[in-house]
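Residue-level structure breakdown
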Amino acid sequence: MLIVGVVLTVALFLVPSRTAGNVEQLGYSQLKSDIAAGQVTSVAIGPDGNISGTLTNGTGFTSSYPLGLQDPQFAQLLDQHNVQVTTQPARTSISSVLLNLLPLAIVVGLFLWVGRASRRQLSGLGGIGRSRGKVFDTERPGTTFADVAGYEGAKREVTEVVDFLKQPDRYRRAGAVGPKGVLMVGPPGTGKTLLARAVAGEAGVPFISVTGSSFVEMFVGVGAARVRDLFADARRRAPSIVFIDEIDAIGQRRGGQLVSNDERDQTLNQMLAEMDGFDPATGVVVIAATNRPEVLDPALLRPGRFDRQVVIPLPAQRERRAILAVHSGGKPLGPDVDLGVVARGTPGFSGADLANLVNEAAIFAVRAGRQVIEAVDFAEAWDRLLLGHRDSSNALLPDEKRAVAVHEGGHALVAALSEHGDPVAKVTILPAGQALGVTQQLPIDERHLQSAGYLKDSLAIRMGGRVAEQIVLGETSTGAADDLAGATDLATRMVREFGMSPTLGPVGFGSRNPTYLGGEEVRSRPYAEATQRVIDEEVATLLRDAERRATATLTDHRHELDRLTELLLERETVNGAEVDEILGRIPGQPSPVAAVDHTTTRS
Ligand code: ADP
Ligand code: ZN
Ligand code: MG
């Protein structure tokens, strides 16, 4: 990737909705991952998509199936993990049953009954079923790149895989090494599976797919055996694609946890061995997908394994428009529907959310007895998705969006106006991972040493988000938790390790990293209780100073903060040069304003 440098990740965490008591409230995606982890015993699905059931630990839970969503994966998951399913009969009117329950009933019903029956037949033909339990599916997708809207860069990156799969012999003759493994990284619903299928479709090769979690269940040794089966099958059908969804389920860092997971380690080792074992000229390419690349074992990323990575972020406005166009293609749209406007109103939606939105809008139109989908249907669908089933999308409510814009604007301005801060590369209110917005700074040079001034500025920059919320909105939110944790951690190191506290003096107590002894966390503390108190006070002083400096900077530049906030709300992403422009300076040049500002606020 092009970005070399510090990514200041600014996380506004949504407080998870797991509640206390005997009945847990699970979001839909949480429910799915619990099912995938084998933690769900039974579910009962109600007429409105209400779901209740029990976990394997005996706890009851409730959840809901997003209205209008057609998620064949759900039924597949229930089936794969032997969850007992009951559908409750509807007591409401016939029409609402048809509208609400129908998609779900069809999906679950067809899959469970027809699916089971046909698989029984298929297994006789040596199809999907195999001796150690069926875990993978083989098909020849008709999907092409045209079905994947936007993401031109990602498509270009996988084009080489298509070329290779079309003619592995040509690579062999030329003595060239073809691609072996591609890791697709991005949030759920961004089209990773879709793109992988399109690679198979474009190359016209079999697509053998499996979910990471299906390897690691039940008995030790089964996972490794399944990996062997999978690769044996892929080689037999070569050229072919092996697609491993949720690879983090098997590919987590080994030995990272206190309790080791033998089954997972064995499965992972087997997979590494398989990938190392086959000659690239065989014509098998492994594509894996994850939304948690940070937990992957580094061994997976070594040359000859998943050494190519394709990042698939949430779609930007233009891409959202293209995705909406793909999904409403063939559906009659009213003259008042402007997909550009819909795209602008849906930051944070994934491709799956957008597909869902179009589908919902179509349902609203049908309900209203109309043949065409009108703007009002999109508006209603949008309300429903955001307000009714917030779990099913990453989308923000308007006031949250404003809070994120203010927060990120605060980080960016303090960064741009601080003496030692790295230049701002971009600010965005497009969510990425857990973060609802990100301010990214790029250092001019790669630094190996950081001065006390640089670290103090960095504390102030971290405070900038929360301070901006306080100044503009009059109160702070949960969104700054990560910033505070990061700042506290840094300030503590400055005092404890770097001797940067005048009161405590030039002492260094080494790393704070705890060590573990027999599972117990042990922190070394080579100093007296009284010293601890001084450390705590010094840390608090550093943090308060940083907060004061951020407050002074943002109060002085309140006007610019407001302008940046508006620009973010309008455009979602603003680059560093534009931030400079707002500050009335030539992009890239330090501003005299900043210098003055800094002297007045120096701690
Ligand atoms: P992921 O594997 O990243 O979780 P999927 O590939 O399963 O996401 O995407 C789910 C659905 O969302 C797709 O089947 C498709 O309908 C829709 N979708 C996602 N991204 C796109 C896109 N770029 N273009 C068109 N449809 C998309
Ligand atoms: Zn922040
Ligand atoms: Mg997927």
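To be clear, the structure that these remarks concern was listed above.
Quick look at the structure, then. All chains use their own residue numbering, which begins from 1 and follows the written sequence. As they are written, the chains are lettered A onward and the ligands numbered 1 onward, keeping that order. In view of the model being predicted, local features appear only for residues whose pLDDT reaches at least 70, and side-chain atom pairs are presented and counted only at 80 or more, with totals across whole chains, interfaces and linings using the full set of residues. Water and hydrogen atoms play no part in the side-chain values, which are based on all heavy atoms of the structure.

**Re the overall build of the chain**
Across its full length, the chain carries 20 helices and 17 strands. For each residue, the accessible area found with a 1.4 Å probe, counting protein chains only, is set against the maximum for its type, and the residue is called buried under 20%, exposed over 50%, and partly exposed in between. Across the 603 residues of the chain, 47% fall into the buried class. The contacts of the chain with a sequence gap of at least 6 include a subset with a gap of at least 24, amounting to 73%. Secondary structure counts use DSSP, requiring at least four H or I residues in a row for a helix and at least two E residues in a row for a strand, with both numbered from the N terminus. It only takes one pair of heavy atoms within 4.5 Å for two residues to be counted as in contact.

**Considerations on the sheet that holds strand S12 (residues 308-311)**
Only when DSSP finds a minimum of two bridges between them are two strands counted as paired. Taken in spatial order, the six strands of this open sheet run S7-S9-S10-S11-S8-S12, and their pairing is mixed. Two strands close off the open sheet at either side, each with one partner strand: strand S7 (137-139) and S12. Going across the sheet, the axis of each strand differs from the next one's by a mean of 20°, ignoring polarity. Pairing geometry for strand S9 (residues 207-211) and strand S10 (residues 240-245), over five bridges, is parallel. Its bridge partner being in S10, Val 210 is matched across the sheet by Ile 244. Orientation is described by lines fitted to C-alpha atoms, with helices fitted over the stretch in contact, and by angles between N-to-C directions that extend from 0 to 180 degrees. Packed onto the sheet, helix H6 (residues 192-203) meets S7, strand S8 (181-185), S9, S10 and strand S11 (284-290) and runs at close to 170° relative to S10. Most of the contacts of helix H7 (residues 222-236) go to S9, to which it runs at about 170°, and overall it touches S7, S9, S10 and S11.

**Remarks on the pairing of strand S14 (residues 437-441)**
Counting buried positions over the five residues of S14 gives five, a clear majority of the element. Burial along S14 is two-sided: the residues Gly 437, Thr 439 and Gln 441 and Val 438 and Gln 440 are all buried.

**Let's talk about helix H18 (residues 558-571)**
One less than the number of residues in a helix, times 1.5 Å, gives the span that helix is expected to have. With 14 residues, H18 should cover 20 Å at 1.5 Å per step; its first-to-last C-alpha distance of 20 Å lies within 8% of that length. Along H18, the residues classified as buried are Glu 560, Leu 561, Leu 564, Thr 565, Leu 567, Leu 568 and Leu 569. Taken together, the buried residues of H18 touch helix H14 (398-417), strand S13 (424-428), helix H15 (452-473), helix H17 (529-556), strand S17 (573-575) and helix H19 (576-582). Looking at the residues trailing H18, positive phi occurs at Glu 572, about 70°.

**Digging into the coordination of the zinc ion (ligand 2)**
Atoms are scored as donors when they are N, O or S and lie within 2.8 Å of the metal, with 3.2 Å used for Na, K and Ca; no water is included, so coordination may look incomplete. Around the zinc ion (ligand 2), the protein contributes the donor atoms His 407 (NE2), His 411 (NE2) and Asp 483 (OD), at 1.9 to 2.1 Å from the metal centre. Look at His 411 and you get buried, because its relative accessible area is 0%.

**Topic: the packing of H15 against helix H16 (residues 481-496)**
Following both chains from N to C, one finds H15 and H16 inclined at 160°, their axes separated by 9 Å at the closest point. Comparing their axes, H16 and H15 come out roughly antiparallel. Along this stretch, H15 crosses H16, giving a crossing that reads as left-handed. Contacts between H15 and H16 involve Ala 452, Leu 455, Lys 456, Ser 458, Leu 459, Arg 462, Met 463 and Arg 466 on the former and, on the latter, Asp 483, Leu 484, Gly 486, Ala 487, Leu 490, Ala 491 and Met 494. Each angle receives one of four descriptions, namely roughly parallel if under 35 degrees, roughly antiparallel if over 145, roughly perpendicular if within 65 to 115, and oblique otherwise. Take the far helix as the reference: if the near one is turned anticlockwise from it by less than a right angle, the crossing is left-handed, and if turned clockwise, right-handed.

**Thoughts on the nonpolar core**
Ranked by size, the top nonpolar core spans 46 residues in total, and within it Leu 459, Leu 564 and Val 579 carry the most contacts. Every element with two or more residues in this core is listed here: H14, S13, H15, H16, H17, H18 and H19. Take this core: its biggest share by element is nine residues, from H14. Filtering out sequence-adjacent residues up to four positions away, Val 579 remains in contact with Leu 413, Ala 416, Val 427, Leu 564 and Val 574. Note on terminology: a nonpolar core comprises buried Ala, Val, Leu, Ile, Met, Phe, Trp, Tyr and Cys residues joined through side-chain atoms within 4.5 Å. Phe 164, Ile 241, Phe 243 and Val 285 belong to the second largest nonpolar core, which has 27 residues in total.

**Some thoughts on the side chain of Ser 501**
Relative to the helices and strands, Ser 501 resides in the loop between H16 and strand S15 (515-517). In protein, a polar contact means a hydrogen-donor-capable atom and an acceptor-capable atom, both N or O and within 3.5 Å, with residues adjacent in sequence counting only if both atoms are side-chain atoms; elsewhere, any N or O pair within 3.5 Å suffices. Engagement of the side chain of Ser 501 in a polar contact is seen with the backbone nitrogen of Leu 504, the distance being 2.9 Å. Ignoring any residue separated from it by four or fewer positions in sequence, one finds Ser 501 in contact with Met 494, Val 495 and Glu 538.

**Observations regarding the site of ligand 1**
The near set for a molecule or strand comprises every residue that places at least one heavy atom within 4 Å of it. Taken together, 16 residues lie near ligand 1, and Gly 189, Lys 192, Thr 193, Leu 194 and His 327 sit nearest. A distance of 2.6 Å is found between an oxygen atom of ligand 1 and a side-chain nitrogen or oxygen belonging to Thr 193. Measuring from an oxygen atom of ligand 1, one finds a backbone N or O atom of Leu 194 at 2.8 Å. Accessible areas in this description were obtained via Shrake-Rupley with a 1.4 Å probe; residue shielding takes into account the shown protein chains only. Protein burial of ligand 1: of its 560 Å² of free accessible surface, 79% is covered by the chains.

**What about the pattern of salt bridges?**
Salt bridges are identified by distance alone: a Lys or Arg side-chain nitrogen within 4 Å of an Asp or Glu carboxyl oxygen. Within this structure, the stated rule accounts for 20 salt bridges. Residues Lys 155 and Glu 152 are paired through a salt bridge, measuring 3.4 Å at the closest nitrogen-oxygen approach. Of the two residues, Lys 155 and Glu 152 are both situated in helix H4 (residues 152-166); the distance of three residues between them amounts to about one turn of the helix. One connected set of salt bridges, linked through shared partners, spans Glu 160, Asp 307 and Arg 308.

**Overview of the pairing of S10**
Most of S10 is tucked away, with six of its six residues classed as buried. The two faces of S10 match: Ser 240, Val 242 and Ile 244 on one face and Ile 241, Phe 243 and Asp 245 on the other face are all buried. With five bridges connecting them, S10 and S11 associate as parallel partners. Pairing of Ser 240 across the sheet is with Val 284, part of S11.

**Brief notes about the environment of Leu 55**
Inspection of the secondary structure puts Leu 55 in strand S4 (residues 50-55). Residue Leu 55 is classed as buried on the basis of its relative accessible area, which comes to 7%. Measuring from C-alpha to C-alpha, the distance between Leu 55 and Ser 42 comes to 7.2 Å, with 13 residues separating the pair along the chain. Residues in contact with Leu 55, not counting those within four places in the same chain, are Glu 24, Asp 34, Gln 39, Val 40, Thr 41 and Phe 61.

**Structural notes on the environment of Leu 324**
Residue placement: Leu 324 occurs in helix H10 (residues 317-328). A residue is classified by how much of its surface remains accessible, and Leu 324, at 0% relative accessible area, is buried.

**Here we look at unusual backbone geometry**
The residue after Ala 238, namely Pro 239, is reached through a cis peptide bond having omega -5°. Its place among the elements puts Pro 239 in the loop between H7 and S10. For Tyr 151, which is not glycine, the phi torsion reads 50° and is therefore positive. Look at Glu 572: it is not a glycine, yet its phi comes out positive at around 70°. Within the secondary structure layout, Glu 572 lies in the loop between H18 and S17. Note on Glu 572: relative accessible area 3%, which makes it buried.

Remember that the coordinates give geometry; whether it matters functionally is a separate question.
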